[in-house]
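Report on the structure
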Amino acid sequence: MHLTKRFFTMNALAVLVSIGLTFLAVIIFVAAYTKVFGREAGIKEFQKVFEVRAAISEIKREALTFKFEQLLDHNYQQKLFDRVNALDASAIILINREVLFATHNFNKIDIEKSLMLSGDSSHRDEIELEGKTYMFTRADYKLPSGDMGILLLLVPIKVKTSFYVLLGIFTVSFFTVVFLLMNFWISYKFSRGIILPISRLKDAAIKIREGDLSCEISEEGEGEIQELSRTLELMRIKLKESVYLQQKFDDNRKFLVSSISHDLKTPVTSIKGYIEGIIDGVAKTPEKLEEYLETARSKAILVNAMIDDLLLYSKLDLNQLPYHFEKSDLTSYFEDCVADHKYECEKANLSLELINELKEPVKVLIDRERLKRVIQNILDNAVMYAGKTNGKIAILLRETRTSAIIEIRDNGNGIPENKLPFIFDRFYQVDPSRKSGSGLGLAIAKQIIEGQEGKIWAKSVVGEGTRIMISLKKF
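Residues numbered from 1 in each chain as written. Predicted model: local features only at pLDDT ≥ 70, side-chain atom pairs only at ≥ 80, totals over all residues. Heavy atoms only, no water.

Locating Ile 208 in the fold gives a position in helix H6 (residues 161-209). Looking at Ile 208, the relative accessible area reads 15%, which means it is buried. Residues Ile 208 and Arg 236, 28 residues apart in the sequence, show an inter-C-alpha distance of 7.3 Å. (Helix = DSSP H or I, 4+ residues; strand = E, 2+ residues; numbered from the N terminus. Buried < 20%, exposed > 50% of the residue type's maximum accessible area, 1.4 Å probe, protein only.)

Dropping the structure here:
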């Protein structure tokens, strides 16, 4: 629930609970008060009022059964006096506005007021006379002479107001206390559900600002506060990952610089040595001179290849090398690859063949030039570590339901099992004594294949050969 809705709901609930508890408390208070001070404290007064009202109504009904002349009879008036006196009431008999009989002396103004209000059609039955409250009723008689005969009955009402004042004070006080307690409870709940989590989030934000990303932010509170906690935690994780990746990139650059410096030093030193040998006259014969120059040239070619590999790997590692994807037929593409590399393999006394196990044409989305570099690097490794006079290299094409599988298999010396997991690492050499490259060939191949949403892995058995597998999505 959103904080605004939750706050409104809790405040409405506080008001309703306060009203409900106050109502219950008033009932208990009235019951306790009447128990302690007697029923006359409140109920008896109302009962007496109802009894008096019923009695004067009875007098009125009885009088209406008589003719107006009978009301002027002395015996009836005496009887009426006794009855109203027992009720602490008063009776007045009038013709028009002239008083003929009265059990209590009222001044003319009060009588006029009584007649005016009792004749009002607003159904009021209470009037104020002489500073007192009276309950009244009247019976009207239409006389043959055209005059109006009236019997007016007045009963003073004595209501005990102290109880109601006390009840009002109790009600207001109890409601105020309960409402304040409910608001205190709401404040406490909000402080636990909102203020405290926000305070913790503030502390966490300060730590993040200072570079401390190790403190986990727990999801506390409700609604927007919980969402804020979750968002800050995701931000912390992303920042931590970015810092880790930045450190990794920095370490990679340092490692690249260190490794390539070490790897370049050997061929450069060799080139320097052969050139100095030529200058110093060590190569005196044309044959020796040609040998020194050819060796220096091969070392320079190696240095150039190592620099090219380093630049390519750096661009791949930083995602700065764009790919140009084309939908290509797998069989046609690898027929061209075999044709391009067949001569080099035959020159190294190796046979290269394509084994097509595809039942129907398969299309893959590839960067043709980049994939060609991958095949070149894998074949160069196969030629380098062939180790046999009758070396064979085979490229097998097969498929699964969703992928095309390219397997490049050789019958060379193979790779020891403990070294197999590292052959795709940068600058890794299975046999350092035979180092003749940058050590980035398979690392570059892995970067290119993964850049095309593919996978590359290897299997090898020492003495039997190595199998490099590539998996690409079919289209």
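What follows deals with the packing of aromatic side chains. Evaluated as defined, the whole model comprises eight aromatic pairs. Here Phe 29 and Phe 170 contribute two aromatic rings whose centre-to-centre distance is 4.5 Å and whose plane-to-plane angle is 15 degrees, an arrangement assigned as stacked. Taken as a pair, Phe 29 in helix H1 (residues 3-37) and Phe 170 in helix H6 lie far apart in primary sequence, 141 residues in all. Overall, Phe 29 belongs to the buried group, its relative accessible area being 17%. Judged by its relative accessible area of 25%, Phe 170 falls in the partly exposed class. Ring plane angle 85 degrees and centroid distance 5.5 Å describe the contact between Phe 66 and Tyr 76, whose orientation is recorded as edge-to-face. With Phe 66 in the loop between helix H2 (43-64) and helix H3 (68-71) and Tyr 76 in helix H4 (residues 74-86), this pair connects stretches of sequence that are 10 residues apart. Overall, the relative accessible area of 26% leaves Phe 66 in the partly exposed class. Put simply, the rings of Phe 29, Phe 170 and Phe 174 touch in pairs and so form one group of aromatic residues. (Phe/Tyr/Trp six-rings, centres within 6.5 Å; stacked < 30°, edge-to-face > 60°.)

Counted according to the given criterion, the structure contains 11 salt bridges. Close ionic contact of Arg 236 with Glu 233 constitutes a salt bridge, the shortest N to O distance being 2.7 Å. Note that Arg 236 and Glu 233 are positioned in helix H7 (residues 224-279) at a spacing of three residues, about one turn of the helix. A relative accessible area of 12% means that Glu 233 is categorised as buried. Arg 409 is the salt-bridge partner of Glu 407, the closest N and O atoms lying 3.0 Å from each other. (Salt bridge = Lys/Arg side-chain N within 4 Å of Asp/Glu carboxyl O.)

With that settled, consider H4. Here H4 spans 18 Å end to end across 13 residues, near enough to the 18 Å set by a 1.5 Å rise per residue. Taken together, the buried positions of H4 are Tyr 76, Gln 77, Leu 80 and Val 84. Projection of H4 onto a plane perpendicular to its axis shows the buried side chains occupying an angular sector of 95 degrees, all on one side. Among the exposed residues of H4, those pointing more than 90 degrees away from its buried face are His 74, Asn 75, Lys 79 and Ala 86. For H4, the N-terminal cap is Asp 73; the gap from its side-chain oxygen to the backbone nitrogen of Asn 75 is 3.1 Å. Just downstream of H4, Asp 88 is the residue with a positive phi angle, here 60 degrees. (Expected span 1.5 Å × (residues − 1). Arc of directions from axis to C-beta. Polar contact = N/O pair within 3.5 Å; in protein donor to acceptor, adjacent residues only side chain to side chain.)

A few words now on the pairing of strand S12 (residues 465-473). Most of S12 is tucked away, with seven of its nine residues classed as buried. Two elements, strand S10 (residues 403-410) and S12, share seven bridges in a ladder whose sense is antiparallel. From the neighbouring strand, Ser 403 faces S12, where its bridge partner is Lys 473. Looking at chain direction, strand S11 (residues 455-461) and S12 are connected through seven bridges and run antiparallel. Within S12, the residue paired with Val 461 across the bridge is Gly 465. Connecting the antiparallel pair S11 and S12 is a turn made up of three residues, with Gly 463 showing a positive phi of about 90 degrees. (Pairing = 2+ DSSP bridges.)

Taken together, the five strands give an open sheet; going across it, the order is S7-S9-S10-S12-S11, and neighbouring strands pair in mixed fashion. The outermost strands of the open sheet, each flanked by one partner alone, are strand S7 (350-356) and S11. Adjacent strand axes in the sheet meet at a mean angle of 15 degrees when their direction is disregarded. Note that S7 and strand S9 (residues 391-399) share seven bridges and pair parallel. (Axes fitted to C-alpha atoms, helices over the stretch in contact; angles between N-to-C directions.)

Formed by 46 residues in total, the largest nonpolar core has its most connected members in Phe 334, Ile 406 and Ile 470. Discounting residues that sit within four places of it in the chain, Phe 334 has contacts with Leu 354, Ile 375, Ile 395, Leu 397 and Ile 406. The next biggest cluster of nonpolar side chains, apart from the first, holds 21 residues, and it includes Phe 68, Val 84, Met 135 and Ala 139. (Core = buried A, V, L, I, M, F, W, Y, C linked by side-chain atoms within 4.5 Å. Contact = heavy atoms within 4.5 Å.)

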